[in-house]
Amino acid sequence: MRFLTHLIVVLVGLLLGLSMVDPTLFIGRYIINWLGSPSSDSMSWDSYHRLDTIYTWMDNLAKRYPQKLRIQTIGQSVEGRDIKVARIGNRNSRRRQLGPKRAIFIEGGIHAREWISPATVSYIMRDLVTNPRHDGMLDQYDFFILPVVNPDGYEYTHTTDRLWRKNRAGNPLTLGLCRGVDL
């Protein structure tokens, strides 16, 4: 009994020590994301979200603010996932008569394992749409925000390999031994 207790204490200490050296070994949040539901309509910025959650949140935000936000699917990934972009700006017919508005493009989620990037970009998107102090800027500019450039790699890091960086495209030159392209 005493040996088992000692072994458990050593293992817990080892895991905690490794997690301080390499945060990717911290299992708690990773397991929660891995086992959690891949889709939800709620969004917060105190944890990282799966692709379906981000897209559902974007669609719901566009329904609440149709005068400022429009969501478009601009293509599909190698594995068939949608690539969605948000266009944010005040719709003003009078402004159109003066000519096209200038555009600002913001992208995130290029490297699959950098989960902070889609979180940051979606936070910016929310602030631009919901905060009235940005209305003057939205009269002058259109923002095109692409929160997850690499949807296949991003999902792969949530389900299979947390440290994956590339997309999931195959490479025929490597006979299938080396997947992925660095975007």
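Parameters at a glance
Residues numbered from 1 in each chain as written. Predicted model: local features only at pLDDT ≥ 70, side-chain atom pairs only at ≥ 80, totals over all residues. Heavy atoms only, no water. Helix = DSSP H or I, 4+ residues; strand = E, 2+ residues; numbered from the N terminus. Buried < 20%, exposed > 50% of the residue type's maximum accessible area, 1.4 Å probe, protein only. Contact = heavy atoms within 4.5 Å. Phe/Tyr/Trp six-rings, centres within 6.5 Å; stacked < 30°, edge-to-face > 60°. Lys NZ or Arg CZ within 6 Å of the ring centre and 35° of its normal. Pairing = 2+ DSSP bridges. Axes fitted to C-alpha atoms, helices over the stretch in contact; angles between N-to-C directions. pLDDT = per-residue confidence, 0-100. Salt bridge = Lys/Arg side-chain N within 4 Å of Asp/Glu carboxyl O. Parallel < 35°, antiparallel > 145°, perpendicular 65-115°, else oblique. Nonpolar A, V, L, I, M, F, W, Y, C, P; charged D, E, K, R; others polar.

With respect to the overall build of the chain
Consideration 1: Summing up its helical and strand segments, the chain has seven helices and four strands in all.
Consideration 2: The buried share of the chain, reckoned over its 183 residues, is 34%.
Consideration 3: Here the contacts in the chain between residues at least 6 apart in sequence split such that 59% fall between residues at least 24 apart.

Brief notes about the environment of Pro151
Consideration 1: Here Pro151 shows up in helix H7 (residues 151-159).
Consideration 2: Residues Pro151 and Gly80, spaced 71 residues apart in sequence, show a C-alpha to C-alpha distance of 9.4 Å.
Consideration 3: Non-local contacts of Pro151, meaning those with residues more than four positions away in its chain, are made with Leu51, Tyr55, Ser77, Arg81, Asp82 and Ile83.

Digging into the packing of aromatic side chains
The relative placement of two aromatic rings is captured by the distance of their centres and the angle of their planes.
Consideration 1: For the structure shown, the criterion picks out four aromatic pairs.
Consideration 2: Consider the rings of Tyr156 and Trp164, whose centres lie 5.2 Å apart with planes at 75 degrees: the pair is edge-to-face.
Consideration 3: Look at Trp164 and you get buried, because its relative accessible area is 17%.
Consideration 4: Directly above the ring of Trp45 sits Arg126, whose terminal nitrogen or CZ lies 4.6 Å from the centroid.
Consideration 5: Over the ring of Tyr156 we find Arg168, and its NZ or CZ is 3.7 Å from the ring centre.

Observations concerning the sheet that holds strand S2 (residues 82-88)
Consideration 1: Here four strands make up an open sheet; going across it, the order is S1-S2-S4-S3 and the pairing mixed. The outermost strands of the open sheet, each flanked by one partner alone, are strand S1 (69-76) and strand S3 (102-107). Averaged over all pairs of adjacent strands, the angle between strand axes in this sheet comes to 25 degrees, irrespective of strand direction.
Consideration 2: As judged from the three bridges shared by S2 and strand S4 (residues 141-146), these two strands associate in the antiparallel manner. Looking at the pairing, Arg87 lines up with Phe144 of S4.
Consideration 3: Sheet strands touched by helix H3 (residues 51-64): S1 and S2. Its angle to S2, the strand with the most contacts, is close to 35 degrees.

A short note on the confidence of the model for the chain
Consideration 1: Per-residue pLDDT for the chain has a mean of 83; in total, 75% of the residues score no lower than 70.
Consideration 2: Predicted confidence for residues 18-29 stays below pLDDT 50, and this span has seven contacts to residues more than four positions away or in other chains.

Here we look at the pattern of salt bridges
Opposite charge on two side chains makes pairing possible when the charged atoms of those side chains draw close.
Consideration 1: If you walk through the whole model with that rule in mind, you get twelve salt bridges.
Consideration 2: Asp142 is paired through a salt bridge with Arg87; the nearest N and O atoms lie 2.8 Å apart. Pair noted here: Asp142 is in strand S4 and Arg87 is in strand S2, with a separation of 55 residues, a long-range link.
Consideration 3: In this structure Asp142 comes out as buried when scored by relative accessible area, which is 6%.
Consideration 4: Between Arg165 and Asp182 there is a salt bridge whose closest N-O contact spans 3.1 Å.

Topic: the packing of H3 against H7
Consideration 1: The N-to-C vectors of H3 and H7 enclose an angle of 125 degrees; their axes lie 9 Å apart at closest approach. Classed by the angle they form, the pair H3 and H7 counts as oblique. The segment H3 lies against H7, with Leu51, Ile54 and Tyr55 engaging Pro151, Tyr154 and Glu155.
Consideration 2: Here the residues of the contact of H3 with H7 sort into five nonpolar, no polar and one charged.

What to know about the packing of H3 against helix H5 (residues 116-130)
Axis angle and axis distance: for two packed helices, these are the angle between their axes and the distance between the axes, and together they describe the pair.
Consideration 1: Contact geometry for H3 and H5: axes closest at 12 Å, N-to-C directions at 5 degrees. With respect to their mutual orientation, H3 and H5 come out roughly parallel. When H3 is examined against H5, the residues Ile54, Trp57, Met58 and Leu61 are found in contact with a partner set consisting of Pro118, Ser122, Met125, Arg126, Val129 and Thr130.
Consideration 2: A breakdown of the residues in the contact of H3 with H5 according to their chemical character gives seven nonpolar, two polar and one charged.

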